Amino acid sequence: MNTTFSSLKGIFVFALVATFALTSCNRDTEGCTDPAADNYDSDADTDDGSCSYAIAAPDTYVFTDADGNNTVSYSGQHQRLNMLSEMSSYLKTANDEGVSVDADVLKDMYANEDYTWDDEEDLGMTGSSKQLKNKTVGGDSEFTNVFETWMDEVAAASDGSGAGSAGVTGVVLSTTNPAKQYLQSAQGQEWTQLIEKGLMGACFYYNISVVYLGSDKMDVDNTTAEDPANGKYYTKMEHHWDEGYGYFTTAVDYPNSGTDRFWGKYADGREDLLQSGTKISAAFRLGRAAISADNMTVRDQQIEIIRTELELAAAGTAIHYFNSAISNFADDALRNHALSEAKAFMWGLQFGENTSVDSDEVAHLLEDLGDDFYAVTTAMLTEVRDELAAATGLTDLAEQL
Amino acid sequence: MGRSILKENIGMNWGSFMGLQFFLLFMVLVLAGCNPDEQDEPGDSFDREAFLINAADNLIIPAYSEAVVSAENLCIALWDGTLEQSRAALKECAMKWQAVALFDFGPAVGRNLLGTTNSHPCDSLDVDEDVMNGNVVPGLPSTLDRTGLPALDYLLHKGEWNADRLQHATFLANHLHDELQAVHDSWVTEYRDDFVSRTDTDIGSGLGMMLNAFNRTYEGNVRKGKLGLPAGVFSFSGNPAPQLAEAYHAGDWSVDLLQEAMLATERIYLGGEGIGLDDYLQSLGDVSYGTELDAEIKAQIAAAQAAVLTLDDPLSEYVVSNQPAALDVYSELQALVILLKVDMMSALGVLVTYQDTDGD
């Protein structure tokens, strides 16, 4: 009698526990949630870090061939990132009243013509063939003209600049943070942000998403090293992938470093809510390892992840700046500054492959935002923010970003 | 119901005794077995959904309802009443606003309710201009300081009361009412359910949004706006700035507004009659960040309220003639910032998100 009882009880308990595993604990099922992994578990909804791949991605962006030779090179991208850093620093000097910037100098920097760079990292930027201009949407004059017009405008505005305010071009002082002041147009547009963040979109983002991860650069030889005699131990495909990475960050150990500028910075800024920085950098490492292992399935999955996550990082950053404008609404300098950032990030979204926000949608959003940042209301900003969030699938996070 | 069935089962044959055992086992699994991770989080036994429901239904929505009614009464007084009645209605509306101001998140942020309702001091020259021209567009950055309660305070208390002023005051009161109504309606029709469903403690959680708004507005609008600024805490010279007192033109109810704001602060902390932040802290146990912190916060709220009672209207004169005393009161308000923003937020594991440290 007793034996029967206890074994029966055992069965019941087992059944009961099993029932629980299937019902109340269901939402907490842990496992590998990455479809690209060997041990992908379609029932899992929380990733427990157990994913394993036939292809192992290294912790840093360091890749070597069988003989131990470094196969990674993105020196051209490194130069261009440094060019934009120097251009931004130069533009920001105009944030002091009376300090002017020269349109010809800006255009020389843009095209890398007759310009002597500081080149603190000794990359050989001065006189090199690398430039931002011919990589701006493939050198399309429709877009390079936009940037050169902004350069003309900021130069004119900075010449003999005084205090700015609604209807008056000049340097606007923050009323809440004495450390902040920006040169802005009579409508509150801040050219430095339009140019810097605009180039992040039209140059860096475009080249990653459309050019280097596109079929023209990916459906190429992946068997022979380009030119080992001259230190080029990489295949064409490996090299193109690295060039894409170099437009994201030049740090091999991202996000330990490389979070100080451009996409590396803003992806990291969206880390809390979108995990942009870790997702994008991990996909770059895994995709590169996949190429070296000649596994195109895994590579293509990483291309998809990088494109998707970069778009989310860009849209999330634009939304973040809309929220910043809303919370600093009464401070002209900070509001206009944030809106210039938001506008530029939003504008850049059209340059992604298979974008959710094409040029028509961008034009529509910009029309809703309007050109005069002194004439906006919080309700307008909220509406544009929410439209952008809806277009990019970020509605649930629109208030928190 | 469940309990009475259990009682009947006890004392019956072992088959039903087994049923009881399974029932107990069931309970153990429900309470403990499911997700071991959650056991590590502080205050996990606390029912955050009940907390949010109480906040929404017993604090937030009623505060908006009362503010809407008070704005309606202001409009009615302006239409039909005397100037004295309008002034009394304005004071009542400003008093009701105090609770609403502390809930500056969700639909209120989307309409910049805080900015359009109470950006003080108002620019009285611009308001005079608007009386003449009558074409002010509320909600623009440039018009924040010429709408809402501060502009009405000026219109109803300074200068010659005439038909043009009445017309403009009516326009501003209507706008104020419509904005309050719109935010109230958003809460009732959709936001309330969304809010109470966000039961975690992350950035976008109900708790995260509510407590960030609470701390931000207590720190910026109560402590600083109502006393710190006029008392000269934030002025470069350290001299008092009497014209920055809230309801400066009425003169005799600036301190009333501060008292009301402190009562609203206390109500939020206690959750009114329901589940409040005090219960949450107590649920963390008999530790320095639990019951002890709760007691400290309650004591400091009481100390701050008592200190505020020592102030006299007109506050704009008091901060000049009794600046050291005003600064003492300010330090009591400041002490509460530390307890609420630093200690309470970290005890509850809620991130303070309103200090934007964004780079360039």
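Residues numbered from 1 in each chain as written. Chains lettered and ligands numbered in written order. Predicted model: local features only at pLDDT ≥ 70, side-chain atom pairs only at ≥ 80, totals over all residues. Heavy atoms only, no water.

(A) Here's a closer look at the packing of helix H2 (residues 75-92) of chain A against helix H7 (residues 236-248) of chain A. Residues and elements named next belong to chain A. One can describe the packing of H2 onto H7 by two numbers: an axis separation of 8 Å at closest approach and a directional angle of 20°. Classified by the interaxial angle, the pair formed by H2 and H7 is roughly parallel. The way H2 lies across H7 gives a crossing that is right-handed. Residues Gln-77, Arg-80 and Leu-81 of H2 pack against Glu-243, Gly-246 and Tyr-247 of H7. (Axes fitted to C-alpha atoms, helices over the stretch in contact; angles between N-to-C directions. Helix = DSSP H or I, 4+ residues; strand = E, 2+ residues; numbered from the N terminus. Parallel < 35°, antiparallel > 145°, perpendicular 65-115°, else oblique. Left-handed = near helix turned anticlockwise from the far one by under 90°. Contact = heavy atoms within 4.5 Å.)

(B) Molecular detail of the packing of aromatic side chains. Enumeration over the complete set of coordinates arrives at 32 aromatic pairs over all chains. Here Tyr-74 of chain A and Tyr-245 of chain A contribute two aromatic rings whose centre-to-centre distance is 5.8 Å and whose plane-to-plane angle is 50°, an arrangement assigned as tilted. Of the two residues, Tyr-74 of chain A sits in the loop between strand E2 (46-47) and H2 while Tyr-245 of chain A sits in helix H7, which places them 171 residues apart along the sequence. For the pair Tyr-74 of chain A and Tyr-245 of chain A, one class covers both residues: buried. For the pair Trp-150 of chain A and Trp-347 of chain A, a centre-to-centre distance of 5.8 Å together with 65° between the ring planes defines the contact as edge-to-face. Taken as a pair, Trp-150 of chain A in helix H4 (residues 141-158) and Trp-347 of chain A in helix H12 (residues 332-348) lie far apart in primary sequence, 197 residues in all. Given the relative accessible area of 12%, Trp-347 of chain A is considered buried. Connected via pairs of aromatic rings, a cluster forms that spans Tyr-61, Phe-63, Tyr-74, Trp-241, Tyr-245, Phe-248, Tyr-254 and Phe-284 of chain A. A cation over a ring is seen here: Arg-335 of chain A above Phe-329 of chain A, with NZ or CZ 5.8 Å from the ring centre. The cationic tip of Lys-158 of chain B hangs over the ring face of Tyr-248 of chain B; the distance from NZ or CZ to the ring centre is 5.4 Å. (Phe/Tyr/Trp six-rings, centres within 6.5 Å; stacked < 30°, edge-to-face > 60°. Buried < 20%, exposed > 50% of the residue type's maximum accessible area, 1.4 Å probe, protein only. Lys NZ or Arg CZ within 6 Å of the ring centre and 35° of its normal.)

(C) Layout of helix H7 (residues 124-133) of chain B. All names here are of chain B. Listing the buried residues of H7 in full gives Asp-126, Val-127, Asp-130 and Val-131. Angularly, the buried residues of H7 cover 150° about the axis, an arc narrow enough to put them on a single face. Exposed residues lying more than 90 degrees from the buried face of H7 are Leu-125 and Met-132. As for H7, its buried residues are in contact with helix H8 (148-157) and helix H9 (163-197). At the C-terminal side of H7, Gly-134 shows a positive phi close to 65°. (Arc of directions from axis to C-beta.)

(D) Seen up close, empty space enclosed by the protein. As enumerated under the stated definition, the model contains two cavities of 30 Å³ or more in all. When its volume is computed, the largest cavity comes out at roughly 40 Å³. Lining the largest cavity are Lys-197, Gly-201, Tyr-205, Trp-263, Ala-314, Ala-344, Phe-345, Gly-348 and Leu-349 of chain A. Put simply, the parts of the chain that give the lining of the largest cavity at least two residues each are helix H5 (191-212) and H12 of chain A. By residue class, the composition of the lining of the largest cavity is six nonpolar, two polar and one charged. Estimates place the volume of the second largest cavity at around 30 Å³. Lining the second largest cavity, in full, are Tyr-64, Trp-97, Val-100, Ala-101, Asp-104, Ala-108, Leu-113 and Leu-114 of chain B. The set of elements that each furnish at least two residues to the lining of the second largest cavity consists of helix H4 (83-101) and helix H6 (113-118) of chain B. Among the elements that line the lining of the second largest cavity, the one with the most residues is H4 of chain B, at three residues. Residue composition of the lining of the second largest cavity, by class: seven nonpolar, no polar and one charged. (1 Å grid on protein atoms, 1.4 Å probe; cavity = no way out; pocket = protein on both sides within 12 Å on 5 of 7 lines; lining within 4 Å. Points joined across faces, edges and corners; volume = space filled by probe spheres on them. Nonpolar A, V, L, I, M, F, W, Y, C, P; charged D, E, K, R; others polar.)

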